[in-house]
There are 2 protein chains.
Amino acid sequence: MIAEVKIFFEKIAVLGVGLIGGSLALSLKQRGLCGSIVGFGRKEGSLRRAQELKIIDGYSLDAAKACMDADLIVFAVPVGLFKELALKAAAGLKKGAIVTDVGSVKGMLVFEMESLMPQGVRYVGSHPISGSENSGIEEARADLFEGAQCILTPTESTDRNALSSVTGLWSSVGCKTEEMTPLRHDEIYASVSHFPHMVAYALVNSIDSVDPEFIRYAGQGFKDTTRIAMSSPEIWRDISVHNRENLLKLSRLFRERLELFDRLLASGDAPGIEEEFRKAKEARSRLK
Amino acid sequence: MIAEVKIFFEKIAVLGVGLIGGSLALSLKQRGLCGSIVGFGRKEGSLRRAQELKIIDGYSLDAAKACMDADLIVFAVPVGLFKELALKAAAGLKKGAIVTDVGSVKGMLVFEMESLMPQGVRYVGSHPISGSENSGIEEARADLFEGAQCILTPTESTDRNALSSVTGLWSSVGCKTEEMTPLRHDEIYASVSHFPHMVAYALVNSIDSVDPEFIRYAGQGFKDTTRIAMSSPEIWRDISVHNRENLLKLSRLFRERLELFDRLLASGDAPGIEEEFRKAKEARSRLK
């Protein structure tokens, strides 16, 4: 058993108040784990809406202002905006502040974020596995993280106290936390999340290119297989670009696997096909 | 509005009493649309179980015997067994009997089935879109077909009265029926069902080949995308082999689409990637 870490942040800045940022804010407020939460975002309309919904207490369209005096700053914008935002926010970060993020890619981005932190500001990378094909503040829910996994990606430079605080943050909202290196994180999530998104997007586009009328004949199987193709193109564009080495490797492996099917099909090798299917069924059935 | 066709079959033979065959039997019995139902199958254990569950009234391990005196015969075994079974059942088929099937592939198989029917026996191909990754008699449900689509694939030789009876059969158990040619059926279902199964199987095998430990990090997205990889290897082997021309065509198109992603990724073309994702999101969102 891990001793429970009691966390409380007097002031939190959430940069990007969408599904994940908004849900985290809501979840911390409902549990009384923070004093106040300030939002930053690009669209004033959705910040105003978040304030109406009492998800945040105030907001600023200036990242440095939003971060002023904050004890915890959470980056919850698409990962492609992290660097620019870190540069802009830097002026507002106080000494001792903890910065974390909810980005689905880590890898080199974690080292870049570390290098962009002003003296005395401590960065810890994190990734709660809790998205869906929905996005936006209207989808925010206080229980989004309950039972979800959250990966923390400390490096050799990570401050151990900041790591405990960020671990405590995610545990308090219901996550099971696990640590791994940023590079291992990206290898794993390329496999079980990022590449499957590419596959779903490519599958829909292929079928749609054959005949746009076909899709209406789809049953539950196709719906489930391609549900994630409704995910935000902007968020997944950034994830794909940042994790492209792993994605290109997986794409090659996957295309080889499909070519194997093609050869088995072309030669009418029914037992060979069944064997491939059986292997997949077995591996997938390990997952509940 | 289509005038409702009242159907009643004195004796029905269900060849293959699994998820689909068993659910059809259950559904017809509950609605009082038949006198008695005899099952045929390869495993006596599951036929006995089907009888215990009152899904069938009796069974035979001899196809011709099971079909004896039946007014309606439903082929519900994997499509790879159709021809052999049609040859075996032929001796038991009475003049005027209607034969249908629930196979997920039609195409040339429909013409072969027609050619295997004894004089006076009328075949009509059908395909209720109502499976799941589950299979077997224990999964049978009387409401499986409610709201499902059922495709009928008449040819120029199809007896019109038999076609109305089979249409009435599926409507009575809750299906929305639609007619199309056997070849068009296979083109459409290769796209929205058969090829997506190949993709799901291949995706699981690819990820599993990178590292069998990775799969435990999967979230809901991966689970949904690969759910159909738990489908019966035997059933899907037969479907794949029978629809291989369409599958090979789709596999080439799909791999080209993935290669396009790879080129966009390799060149860091973020707007190009976003555009592909956006196109897919739009097409997928047309499906509710």
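Residues numbered from 1 in each chain as written. Chains lettered and ligands numbered in written order. Predicted model: local features only at pLDDT ≥ 70, side-chain atom pairs only at ≥ 80, totals over all residues. Heavy atoms only, no water.

## As for the environment of B:M108
Counting through the fold element by element, B:M108 comes out in helix α5 (residues 107-116). For the pair B:M108 and B:L183, spaced 75 residues apart in the sequence, the C-alpha separation amounts to 7.5 Å. (Helix = DSSP H or I, 4+ residues; strand = E, 2+ residues; numbered from the N terminus.)

## Description of the nonpolar core
In terms of nonpolar packing, the biggest core is built from 124 residues, with A:I73, A:F254, B:I73 and B:F254 touching the most fellow members. In this structure, A:F254 is in contact with A:F195, A:V199, B:V199, B:A202, B:L203, B:S206, B:F254 and B:L258, ignoring residues within four places of it in sequence. (Core = buried A, V, L, I, M, F, W, Y, C linked by side-chain atoms within 4.5 Å. Buried < 20%, exposed > 50% of the residue type's maximum accessible area, 1.4 Å probe, protein only. Contact = heavy atoms within 4.5 Å.)

## Some remarks on the packing of helix α4 (residues 82-89) of chain B against α5(B)
Residues and elements named next belong to chain B. It is at 10 Å that the axes of α4 and α5 come closest, and there the two elements cross at 15°. Between α4 and α5, the angle falls in the class roughly parallel. For the element pair α4 and α5, the recorded crossing hand is right-handed. Where α4 abuts α5, its residues F82, K83, A86 and L87 lie against L109, E112, M113 and L116. Looking at the contact of α4 with α5 residue by residue, the classes come out as 6 nonpolar, no polar and 2 charged. (Axes fitted to C-alpha atoms, helices over the stretch in contact; angles between N-to-C directions. Parallel < 35°, antiparallel > 145°, perpendicular 65-115°, else oblique. Left-handed = near helix turned anticlockwise from the far one by under 90°. Nonpolar A, V, L, I, M, F, W, Y, C, P; charged D, E, K, R; others polar.)

## Concerning the relation of the copies chain A and chain B
Between the two copies, chain A and chain B, the superposition gives an RMSD of 0.0 Å; the rotation angle is 180° and the shift along the axis is 0.0 Å. The transformation just described matches what one would write down for a two-fold rotation axis. Taking the C-alpha atom as reference, chain A places A:T225 closest to the rotation axis, 1.9 Å from it. With an isologous cut-off of 70% or more, the 100% of interface residues of chain A that recur at the interface of chain B puts this contact in the isologous class. (Least-squares fit on C-alpha atoms with pLDDT ≥ 70 in both.)

## With respect to the sheet that holds strand β1 (residues 9-15) of chain B
Residue and element names in this part refer to chain B. What the 6 strands build is an open sheet, ordered β3-β2-β1-β4-β5-β6; its pairing is parallel. The sheet terminates laterally at β3 (58-60) and β6 (122-124), the two strands that pair on one side only. Averaged over neighbouring strand pairs, the angle between their axes works out to 25° when direction is ignored. As judged from the 4 bridges shared by β1 and strand β4 (residues 72-75), these two strands associate in the parallel manner. Note that in β4 the partner of I12 across the bridge is L72. (Pairing = 2+ DSSP bridges.)

## What to know about the domain arrangement of chain A
Residues and elements named next belong to chain A. One can read the domain layout of chain A as domain 1 (9-181) and domain 2 (184-284). Using only C-alpha atoms to locate each centre, domain 1 and domain 2 end up separated by 31 Å. Every contact between the two is made by 19 residues of domain 1 and, on the other side, 16 residues of domain 2. Across the domain 1 to domain 2 interface the summed buried area is about 1500 Å²; carbon plus sulfur atoms make up 62%. (Domains from an automatic or database assignment. Buried area = accessible area lost by both parts, 1.4 Å probe.)

## Considering the packing of aromatic side chains
All chains considered together, the criterion is met by 13 aromatic pairs over all chains. Taking 5.3 Å as the distance between ring centres and 70° as the angle between the ring planes, the aromatic pair formed by A:F145 and A:W170 counts as edge-to-face. With A:F145 in the loop between β7 (126-128) and β8 (149-152) and A:W170 in helix α6 (residues 160-172), this residue pair connects regions lying 25 residues apart in the sequence. The two residues A:F145 and A:W170 agree in class, both being buried. Their ring planes at 10° and their centres at 3.9 Å tell us that A:Y201 and B:F277 sit as a pair that is stacked. Here B:F277 lies in helix α11 (residues 270-285) and A:Y201 lies in helix α7 (residues 182-210), a pairing that spans two chains. By relative accessible area, which is 0% here, A:Y201 ends up buried. Three or more aromatic residues joined by ring pairs make a cluster, and in this case those are A:F195, A:F254, B:F195 and B:F254. (Phe/Tyr/Trp six-rings, centres within 6.5 Å; stacked < 30°, edge-to-face > 60°.)

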